[in-house]
Amino acid sequence: MSAAATPTPAATPTPAATLTPAGERWRARLVAYGMVLMLGVCAVFTLEPWPLTSLRLFSQIRTDRQTQVQLVVVEAEGTRRVIDFGDNAFVSDSAQRRLPEIASLPVAEQRSAVEDVLKVAGVDPTTVDAVAVSRTVRRLDADGGPATVLSSRDVVTVELP
């Protein structure tokens, strides 16, 4: 057999590169206790360093102003009634997201979009003369009282045949 054909022993890691199960447990405890200690310090001193407590990916900006786009049925006598989308948050959110884009659509598509939103809200479009997409700005009370309406204007009014 030649020297090239003889098997060589596999390189074995040095003892410093491997951890025993006791060493792995020690490292895990160090990381866990360190994180608990850091969170405790943040809570005691009301600190908000980003990776620990200020990660707000899904929260909304909290101000004293609220802007809401609503669908308002305008009846023949001029009576206005805000459409309630009910307790289904998914339906309400998807309909609310669609309302602001209605103003930028061509008239025929506006009618179709408004009819679709009315159907989602459980309103028969044939019983409605006109629908307005209204933008309302409110100032919220800091103590949880009722909101004050600052302004309200119709973004677009869609006549239904």
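Residues numbered from 1 in each chain as written. Predicted model: local features only at pLDDT ≥ 70, side-chain atom pairs only at ≥ 80, totals over all residues. Heavy atoms only, no water.

K.L.:
Sorry if this is basic, but what is going on with the pattern of salt bridges here?
P.N.:
As a working rule, side chains carrying opposite charge can pair if their charged atoms are close by. This structure, assessed with the given rule, holds two salt bridges. The closest approach of N and O atoms between R65 and D64, which form a salt bridge, is 3.7 Å. Across the pair R80 and D154 runs a salt bridge whose closest N-O atoms are separated by 2.8 Å. Linking R80 in strand β2 (residues 80-82) with D154 in strand β4 (residues 148-159), this pair joins segments that are 74 residues apart in sequence. Judged by relative accessible area, R80 falls into the partly exposed class, the value being 43%. Using a relative accessible area of 33% as the deciding quantity, one classes D154 as partly exposed. (Salt bridge = Lys/Arg side-chain N within 4 Å of Asp/Glu carboxyl O. Helix = DSSP H or I, 4+ residues; strand = E, 2+ residues; numbered from the N terminus. Buried < 20%, exposed > 50% of the residue type's maximum accessible area, 1.4 Å probe, protein only.)

K.L.:
Mind showing me how you'd approach helix α1 (residues 21-44) here?
P.N.:
Taking 1.5 Å per residue, 24 residues should reach 34 Å; α1 reaches 34 Å between its end C-alpha atoms and fits that length. Where α1 terminates, the next one or two residues include T46, which has phi positive at roughly 45°. (Expected span 1.5 Å × (residues − 1).)

K.L.:
Could you clarify how one ought to interpret a nonpolar patch on the surface in this entry?
P.N.:
Among the surface-exposed residues, L37, V41, V44, F45 and L47 lie close enough to one another that they form a single nonpolar patch of about 500 Å² accessible area. As for its position among the elements, V41 is in helix α1. Residue classification places V41 among the partly exposed residues on the basis of a relative accessible area of 35%. (Patch = residues over 30% accessible without salt bridge, like charges linked within 9 Å, V, L, I, M, F, W, Y side chains within 5 Å. Areas by Shrake-Rupley, 256 points an atom, 1.4 Å probe, with all protein chains shown as cover.)

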